[in-house]
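Below are the chains, spelled out letter by letter.
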Amino acid sequence: MWEENLDKEHDVGQNLDYSPVSWEEYFEQMEDVSVVQADGRDIFRVYKAGHEGPLLVLLHGGGHSALSWAVFTTAIAARVSCQVLAMDLRGHGDTLVRQSDDFSTQTMSRETRVHKSGQPVIQPPLTRQPVHAAHSDVANVVRACHGEIPPPVILVGHGVGGAIAVHVVSNELMPTAVGLVTIDVVEGSAMEALHSIQNFLKGRPKSFKSLDHAIEWSVKSGQIRNLESARVSMVGQIKRCEAEEADTLEGAGPTREDAVEDRNEEFYDRSYVDDAKNAATEAGGGQGQSIYKWRIDLSKSEKYWDGWFRGTSNLFLACNLPKLLLLAGIDRLDRDLTIGQMQGKFMMQVLPPCGHAVQEDQPDKVSDAVAAFLLRYKFAEAKRARTSSTASLATGKSTFSLCHE
């Protein structure tokens with residue numbers, strides 16, 4: 001239920017600030033990275049922080065952007081010495097690629113390197129697993145930023161980003177990878193939830209009057225339960241466009257009234273939304289008026305959803321690296337991962353209460369868990385005394401084991 005997604009701090013009646021916040025409050029650098037491909041160049045937007053220690057490569061979930069890691073980046077940097085590279089995946093955020101809407105595992109199933117002459121050289125996959133375009137994107141961006149031999153890499157992925165991280169490790173595309181962290185990505189529960197994703201997408205507003213309204217909606221609907229994170233991350237999820245353009249993008253899809261008739265209207269207040277039919281009539285005729293639309297139409301990628309998650313649990317278990325799985329709830333664990341956890345094949349921690357965007361809802365708890373993971377395997381050095389929860393995880397205890405004692 002949407003009403004269960006609200007934190008007490010967001011109770012109705014409080015005068016909260018929903019204005020957007022710049023990435024500069026959390027990252028040290030923003031860069032557009034050029035990656036040479038066989039038929040041209042792709043441009044990936046990345047955000048960086050830190051100058052020493054292991055490299056945390058942060059991969060966001062579907063529909064989100066690298067900015068979903070903003071608050072987490074500040075938190076983890078305060079706990080351990082590390083470098084952070086958060087990237088907008090293809091089709092997301094401010095990344096510009098030629099096949100932005102192709103998420104198939106057959107697309108670009110080879111890794112691209114650049115010869116000294118400047119010409120692209122196509123490398124065959126290192127394993128028989130198909131290499132998704134996004135998988136090699138990750139390796140190519142890290143190489144472009146850190147050269148052929150980057151620092152020790154810990155891949156950290158949320159949702160679809162977690163599935164990508166698993167495939168990158170499984171296909172040995174990151175030779176300096178030493179650790180893997182996946183956040184709320186479990187094959188069993190993900191496959192079961194696929195049928196409901198379209199309903200969710202149809203039920204959310206298609207456009208907003210302003211960034212402030214989009215941020216307010218994200219918090220009150222429970223999409224993001226942390227106002228601080230919403231103020232920086234929603235900027236990467238929506239884009240400004242003219243009302244006429246929005247009307248064209250709207251197409252022949254269901255109207256908003258049809259889509260939300262079975263929703264709780266308290267959290268879908270129409271004052272947040274600029275429907276295409278009236279966007280051009282407000283503010284004195286609306287000449288040149290702009291509204292905000294979602295940057296990516298996730299509904300069009302439905303045919304690829306199955307390929308992201310099928311087989312991910314076994315691939316995760318087979319990765320021969322220290323692994324950490326963070327979950328929003330114990331009910332998300334599937335059979336293969338339950339057996340693997342009982343056999344001690346990976347570390348796990350459950351972080352309630354939060355929604356799917358775990359690192360946004362609970363950035364401090366996630367950073368405590370990741371920092372403890374890094375310290376346990378001596379990947380990084382601590383910057384300050386660890387909290388009791390961090391120390392507990394570093395010595396091998398997890399919320400899962402505590403819940404069953």
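Preceding block: the structure.
Right, let's walk through the structure included here. (Residues numbered from 1 in each chain as written. Predicted model: local features only at pLDDT ≥ 70, side-chain atom pairs only at ≥ 80, totals over all residues. Heavy atoms only, no water.)

The next thing to look at is the sheet that holds strand 2 (residues 40-49). One open sheet accounts for 8 strands, arranged 1-2-4-3-7-8-12-13; its pairing is mixed. Each end of this open sheet is capped by a strand with a single partner; those strands are strand 1 (29-37) and strand 13 (347-350). Taken over all neighbouring pairs, the strand axes of this sheet differ in orientation by 20° on average, direction set aside. Examined bridge by bridge, strand 2 and strand 4 (residues 83-87) share 4 bridges and lie antiparallel to one another. Among the inter-strand pairings, Ala-49 is bridged to a residue of strand 4, identified as Val-84. On the sheet, helix 1 (residues 70-79) packs against strand 2, strand 3 (55-59) and strand 4 and is oriented at approximately 160° with respect to strand 3. Set on the sheet, helix 14 (residues 363-376) makes contact with strand 3, strand 7 (153-158), strand 8 (177-183), strand 12 (323-327) and strand 13; between it and strand 12 the angle comes to about 165°. (Pairing = 2+ DSSP bridges. Helix = DSSP H or I, 4+ residues; strand = E, 2+ residues; numbered from the N terminus. Axes fitted to C-alpha atoms, helices over the stretch in contact; angles between N-to-C directions. Contact = heavy atoms within 4.5 Å.)

As a further point, take the pairing of strand 7. Of all 6 residues making up strand 7, 6 are buried, and the element is well covered by its neighbours. Judged from the 5 bridges that link them, strand 3 and strand 7 form a sheet pairing that is parallel. Its bridge partner lying in strand 7, Val-57 is registered against Leu-155. In terms of strand pairing, strand 7 meets strand 8 through 6 bridges, oriented parallel. Paired with His-158 across the bridge in strand 8 is Ile-183. Regarding topology, helix 3 (residues 160-170) serves as the crossover connection from strand 7 to the parallel strand 8, and that connection is right-handed. (Buried < 20%, exposed > 50% of the residue type's maximum accessible area, 1.4 Å probe, protein only. Right-handed = clockwise from strand over helix to strand, strands pointing away.)

Close contact between helix 1 and helix 14 brings their axes to 9 Å; oriented N to C, the two are set at 45°. The pairing of helix 1 with helix 14 is recorded here as oblique in orientation. In this structure, the crossing between helix 1 and helix 14 has a hand that is right-handed. From helix 1, Val-71, Phe-72, Ala-75, Ile-76 and Arg-79 reach across to helix 14, where they touch Pro-363, Asp-364, Val-366, Ser-367, Asp-368, Val-370 and Ala-371. Taken together, the residues that form the contact of helix 1 with helix 14 break down as 8 nonpolar, 1 polar and 3 charged. (Parallel < 35°, antiparallel > 145°, perpendicular 65-115°, else oblique. Left-handed = near helix turned anticlockwise from the far one by under 90°. Nonpolar A, V, L, I, M, F, W, Y, C, P; charged D, E, K, R; others polar.)

For the rest of this paragraph, the subject is the packing of aromatic side chains. Applying the stated criterion across every chain yields a total of 10 aromatic pairs. Taken together, a centroid distance of 5.7 Å and an interplanar angle of 50° make the contact between Phe-208 and Trp-217 tilted. Take Trp-217: its relative accessible area is 0%, and that puts it in the buried class. Considering the side-chain rings of Phe-373 and Phe-379, the 6.1 Å spacing of their centres and the 65° angle between planes classify their relative orientation as edge-to-face. An aromatic cluster is built from Trp-23, Phe-27 and Tyr-47, whose rings are joined through pairwise contacts. Its guanidinium or amino end placed over the ring of Trp-294, Arg-204 lies 3.7 Å from that ring's centre, counting from NZ or CZ. Over the ring of Phe-316 we find Lys-323; its NZ or CZ atom is 5.9 Å from the centre of that ring. (Phe/Tyr/Trp six-rings, centres within 6.5 Å; stacked < 30°, edge-to-face > 60°. Lys NZ or Arg CZ within 6 Å of the ring centre and 35° of its normal.)

What follows deals with the sheet that holds strand 10 (residues 238-242). Ordered in space as 9-11-10, the 3 strands form an open sheet in which the pairing is antiparallel. The sheet terminates laterally at strand 9 (207-208) and strand 10, the two strands that pair on one side only. As paired strands, strand 9 and strand 11 (residues 290-294) are joined by 2 bridges and run antiparallel to one another. The residue bridging Ser-207 from the neighbouring strand is Lys-293, located in strand 11.

A few words now on the environment of Asp-297. Position of Asp-297 among the secondary structure elements: in the loop between strand 11 and helix 10 (302-309). Taking relative accessible area as the criterion, Asp-297 reaches 41% and is therefore assigned partly exposed. In the structure, Asp-297 is positioned 196 residues away from Asp-101 in sequence and 9.0 Å away in space, judged by C-alpha atoms.

Next up on the list: the pattern of salt bridges. Within the structure shown, the criterion is met by 12 salt bridges. One salt bridge in this structure joins Asp-364 and Arg-79, with 3.6 Å as the shortest N-O distance. Separated by 285 residues along the polypeptide, Asp-364 in helix 14 and Arg-79 in helix 1 bring together distant segments of the chain. One connected set of salt bridges, linked through shared partners, spans Asp-32, Arg-45, Asp-94 and Arg-295. (Salt bridge = Lys/Arg side-chain N within 4 Å of Asp/Glu carboxyl O.)

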